[in-house]
Amino acid sequence: MRILLLASAFNSLSQRLYAELRDRRHRVDVQLADDGEELTEVVARLRPDLLLAPMLRTAIPEEVWSRLTCLVVHPGPPGDRGPSSLDRAIQEGRTDWGVTVLQAEREMDAGPVWAWAPCRLPERGKSDVYRNEVSDAAVTAVLLAVERVASGSHAPQPQHGPGWRGTVRTRPALRQPERRIDWAADPTATVLRRLRAADSRPGVLDELGGAEWYLHGGHRERLLRGRPGELLATRAGAVCRATADGAVWIPELRRRRTPGGPATVKLPAVTALGALLPAVPERPAPLMPEPGEHPGWSDLRYREEGPVGFLHFSFPGGAMSAEHCRRLLAAYRFALGRPTTVLVLGGGRDFFSNGIHLNVIEAAADPAAESWANITAMDDLVAEVLTTTDRLVVAALGGNAAAGGVMLALAADEVWCRRGVVLNPHYRLMGLYGSEYWTYTLPRRVGAAEAERLTHQALPVSAAAAERLGLVDRVLDAVPEDFGAGAAHLAGLLAASPGTQHRIAAKKATRAADERTKPLDAYREAELAVLHRQFFTPESPYHALRSAFVRKHPVPAGLRPQP
């Protein structure tokens, strides 16, 4: 079928559906709702068999849905209606939810149901759940709906009448008054649900240091206590704030936009507060806790199971600032000092990495200089992985990766990922050439021609396609919560394999031969020479593209990278 994918943003779910449908040989065109072209004109020009809207903030015009089958992906079970379905489900503490694919009609979310799939809602942030459990259910429901449309014989179920067994409930958008936290009265569980329900957008509006901020994300603190609402400590860029019966860690803040002012961006909480941060102690968590020790939340953690080391890292949105890269590099060097045969990087359930931290760069006094500091810190980290020759390194991707985050994974000896993962192995949409030794690792994996295609076309790649191309070595069929355990089991088998020591010896010899042919420093210098021009040349499109991306502005037509 020829499918027109209509979305307000080409986000993680839109990208995954695009990749999954392409894998099944459907022809998929993507149209952004704010692209400027009238949808009726797009439909007349492309003549699709079906329109699919996985993430749409505006209504589909009647002149389109009355003539063409238009399917809307709603992140709620049949009968659930409203724009804040997932937000409300998480804030209310629901554990069972679903995704419905319904036909667009005049009333929002009221059309007949073509398919739906249930999903669990773990105690995680909305963005994490959206990219994982909700995304898995959406793929299941969409593929079934598309199959039913293609058959020409399936009649969708109206949300009324004798065949309808569900309850219809329409709820309004979840506004800030309903999201508000009463620090003096709300227990930690309530605070966490409110923070998690708004962790990506819109955040929870609150006051800190005499200014208004949106709070993004939340993690439980086990030990610290204080006066409700008080800031108690900092850790890894996050701030710890007391609740009525405990405390929570808040990783990111976004300043409330002033009337007429520019859109603001999410930043690590300590960075955002700056001079407004009161004098509170830093409470670092141990990288490798003692047996039985439970230090609570941290974005970096190391543990061992026999001959396997696990270096887990989880940065908000997968973005890695220069400081994140330096801290991860220090943790990696610590792991190299441990007596292991296999070292697993990642293994979490959300983003592996999306490369440099565009928000921190945007907010810097000198974005070009911060871009340079960030990319060189990222290069230092990748170089350390590439030059590890005394053990096997596995990159375990439980979540998506993009740009330099993909190249960080490719520096490992093996790349494993969950079946729901989407990879974006390119930099071009940000107007960048890229670094992280991609000119060495990507062609080595997929060949020069395929590397050129991936970086030029700049399209998302599903886990299955990545395995076929050689970008990843193993795809795990696991639900998000089970990926880490599955990867750990496989890593144990790898460490125990009789051939592993031979592979380590061969790896060392191969690295030495590659170094003689062309030193790693030569790849780095060539990549950074191009990036230096793109960072420090005023007419470079990178700065405008970055600003539009982080501030959620439309990209000016003249700056859009051409196919």
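It should be noted that the structure appears before, not after, this text.
Overview of the structure.

Rules and cut-offs
- Residues numbered from 1 in each chain as written.
- Predicted model: local features only at pLDDT ≥ 70, side-chain atom pairs only at ≥ 80, totals over all residues.
- Heavy atoms only, no water.
- Helix = DSSP H or I, 4+ residues; strand = E, 2+ residues; numbered from the N terminus.
- Rg over C-alpha atoms; globule rule 2.2 N^0.38 Å.
- Buried < 20%, exposed > 50% of the residue type's maximum accessible area, 1.4 Å probe, protein only.
- Contact = heavy atoms within 4.5 Å.
- Areas by Shrake-Rupley, 256 points an atom, 1.4 Å probe, with all protein chains shown as cover.
- Lys, Arg positive; Asp, Glu negative; His and termini not counted.
- Salt bridge = Lys/Arg side-chain N within 4 Å of Asp/Glu carboxyl O.
- Polar contact = N/O pair within 3.5 Å; in protein donor to acceptor, adjacent residues only side chain to side chain.
- Core = buried A, V, L, I, M, F, W, Y, C linked by side-chain atoms within 4.5 Å.
- Expected span 1.5 Å × (residues − 1).
- Pairing = 2+ DSSP bridges.
- Axes fitted to C-alpha atoms, helices over the stretch in contact; angles between N-to-C directions.
- Parallel < 35°, antiparallel > 145°, perpendicular 65-115°, else oblique.
- Nonpolar A, V, L, I, M, F, W, Y, C, P; charged D, E, K, R; others polar.
- Phe/Tyr/Trp six-rings, centres within 6.5 Å; stacked < 30°, edge-to-face > 60°.
- Lys NZ or Arg CZ within 6 Å of the ring centre and 35° of its normal.
- Left-handed = near helix turned anticlockwise from the far one by under 90°.
- Right-handed = clockwise from strand over helix to strand, strands pointing away.

**Digging into the overall build of the protein**
Part 1 of the argument: Looking only at helices and strands, the protein features 19 helices and 25 strands.
Part 2 of the argument: Taking 24 Å as the expected radius of gyration for a compact globule of 563 residues, we find that the protein reaches 24 Å, a close match to that expectation.
Part 3 of the argument: The dimensions of the protein, computed from C-alpha atoms along their principal axes, are 70 × 60 × 50 Å.
Part 4 of the argument: In the protein, which comprises 563 residues, the share counted as buried stands at 55%.
Part 5 of the argument: For the protein, long-range pairs separated by at least 24 residues make up 68% of all intrachain contacts whose partners lie at least 6 apart in sequence.
Part 6 of the argument: When the accessible area of the protein is evaluated, it comes to approximately 24200 Å², of which 52% is carbon and sulfur surface.

**Some words on the side chain of Glu 221**
Part 1 of the argument: Residue placement: Glu 221 occurs in strand β11 (residues 219-221).
Part 2 of the argument: Summary of buried charges: Glu 221 has no salt-bridge partner, and the nearest side chain of opposite charge, Arg 235, is 4.3 Å away.
Part 3 of the argument: Polar contacts involving the side chain of Glu 221 include one to the main-chain amide nitrogen of Leu 223, which spans 2.8 Å.
Part 4 of the argument: Filtering out sequence-adjacent residues up to four positions away, Glu 221 remains in contact with Arg 235, Cys 240, Ala 247, Val 248 and Trp 249.

**Considerations on the nonpolar core**
Part 1 of the argument: Core analysis: the biggest nonpolar cluster contains 90 residues, and Leu 215, Leu 253, Leu 397, Leu 408, Leu 423, Leu 442 and Leu 471 have the highest contact counts within it.
Part 2 of the argument: Of the residues forming this core, the biggest block, 8 residues, is contributed by helix α11 (residues 367-386).
Part 3 of the argument: Beyond its immediate stretch of four places on either side in the chain, Leu 423 contacts Leu 397, Ala 401, Val 406, Leu 459, Pro 460, Val 461, Ala 466, Leu 471 and Val 472.
Part 4 of the argument: Leu 5, Ala 115, Val 129 and Ala 141 belong to the second largest nonpolar core, which has 36 residues in total.

**Regarding α11**
Part 1 of the argument: Its 20 residues place the ends of α11 28 Å apart at the C-alpha level, agreeing with the 28 Å of an ideal helix rising 1.5 Å per residue.
Part 2 of the argument: Most of α11 sits inside the fold, with 14 of its 20 residues counted as buried.

**As for the sheet that holds strand β22 (residues 414-418)**
Part 1 of the argument: Reading across from one edge, β17-β18-β19-β20-β22-β25 is the order of the 6 strands in this open sheet, with mixed pairing throughout. Looking at the sheet topology across the chains shown, the edges are occupied by β17 (300-305) and β25 (474-476). Neighbour-to-neighbour, the strand axes of the sheet open up by a mean angle of 20°, direction not taken into account.
Part 2 of the argument: Of the pairings in the sheet, the one linking strand β18 (residues 308-313) to strand β19 (residues 342-346) comprises 4 bridges and is parallel in character. Bridging from a neighbouring strand, Phe 310 pairs with Val 344 of β19.
Part 3 of the argument: Against the sheet, helix α17 (residues 500-517) touches β20 (392-397) and β22, its axis set at about 100° to β20.

**Digging into the packing of helix α13 (residues 438-446) against helix α18 (residues 520-536)**
Part 1 of the argument: The N-to-C vectors of α13 and α18 enclose an angle of 110°; their axes lie 8 Å apart at closest approach. On the basis of their axis angle, the class for α13 and α18 is roughly perpendicular. Contacts from Trp 438, Thr 439 and Tyr 440 in α13 reach Leu 520, Tyr 523 and Glu 527 in α18.
Part 2 of the argument: By residue class, the composition of the contact of α13 with α18 is 4 nonpolar, 1 polar and 1 charged.

**Considering the packing of aromatic side chains**
Part 1 of the argument: Taken as a whole, this structure holds 10 aromatic pairs when the rule is applied.
Part 2 of the argument: Members of the aromatic cluster, each reached through a chain of ring pairs, are Trp 372, Phe 535, Phe 536 and Tyr 542.
Part 3 of the argument: Sitting above the plane of the Tyr 214 ring, Arg 254 keeps its charged end 4.3 Å from the centroid.
Part 4 of the argument: The ring of Tyr 542 has Arg 546 lying over it, and the distance from NZ or CZ to the ring centre is 5.0 Å.

**With respect to the packing of helix α9 (residues 322-336) against α11**
Part 1 of the argument: Two numbers describe how α9 lies on α11: the axes approach to 8 Å, and their chain directions differ by 15°. Comparing their axes, α11 and α9 come out roughly parallel. Classified by chirality, the crossing of α11 by α9 is left-handed. When α9 is examined against α11, the residues Ala 322, Cys 325, Arg 326, Leu 328, Leu 329, Tyr 332, Arg 333 and Leu 336 are found in contact with a partner set consisting of Glu 370, Ala 373, Asn 374, Ala 377, Met 378, Asp 380, Leu 381, Glu 384 and Val 385.

**Here we look at helix α19 (residues 542-550)**
Part 1 of the argument: When α19 is considered as a whole, its buried residues turn out to be Tyr 542, Leu 545, Arg 546, Ser 547, Ala 548 and Val 550.
Part 2 of the argument: Along its buried surface, α19 packs onto α10 (358-363), α11 and α18.
Part 3 of the argument: The positive-phi residue at the C-terminal boundary of α19 is Lys 552, with phi of around 60°.

**Some remarks on the pairing of β20**
Across a regular strand the side chains alternate sides, sitting on one face of the sheet and then on the other.
Part 1 of the argument: Among the 6 residues that make up β20, 6 are buried, leaving the element largely enclosed by the rest of the structure.
Part 2 of the argument: With burial as the criterion, each face of β20 is covered, one bearing Leu 392, Val 394 and Ala 396 and the other bearing Val 393, Ala 395 and Leu 397.
Part 3 of the argument: Taken together, the 5 bridges between β19 and β20 define a ladder with parallel strand orientation. Bridge pairing in β20 links Val 344 to Val 394.
Part 4 of the argument: As paired strands, β20 and β22 are joined by 4 bridges and run parallel to one another.

**Looking at the pairing of strand β2 (residues 27-32)**
Part 1 of the argument: Of the pairings in the sheet, the one linking strand β1 (residues 2-7) to β2 comprises 6 bridges and is parallel in character. Pairing of Leu 5 across the sheet is with Val 30, part of β2.
Part 2 of the argument: Crossover connection from β1 via helix α1 (residues 12-23) to parallel β2: handedness right-handed.

**Regarding the side chain of Asp 128**
Part 1 of the argument: With respect to the secondary-structure elements, Asp 128 resides in helix α5 (residues 126-151).
Part 2 of the argument: Judged by its relative accessible area of 9%, Asp 128 is buried.
Part 3 of the argument: Aside from chain neighbours lying at most four places away, what touches Asp 128 is Arg 349 and Asp 350.

**Quick notes on the pattern of salt bridges**
Part 1 of the argument: On inspection of all chains with the given rule, the structure shows 38 salt bridges.
Part 2 of the argument: Among the salt bridges present, the one from Glu 481 reaches Arg 349, with a minimum N-O distance of 2.7 Å. Placement of Glu 481 in the loop between β25 and α16 (483-496) and of Arg 349 in the loop between β19 and α10 is noted, with a sequence separation of 132 residues between them.
Part 3 of the argument: The class of Arg 349 is buried, set by a relative accessible area of 7%.
Part 4 of the argument: The partner of Asp 379 in a salt bridge is Arg 524, and the shortest N-O contact between them spans 3.9 Å. Taken together, the residues span a long stretch of sequence, with Asp 379 in helix α11 and Arg 524 in helix α18 at a distance of 145 residues. Each member of the pair Asp 379 and Arg 524 is classed as buried.
Part 5 of the argument: Each member of the salt-bridge network shares a partner with another, and the members are Arg 16, Glu 20, Arg 24, Asp 136 and Arg 418.

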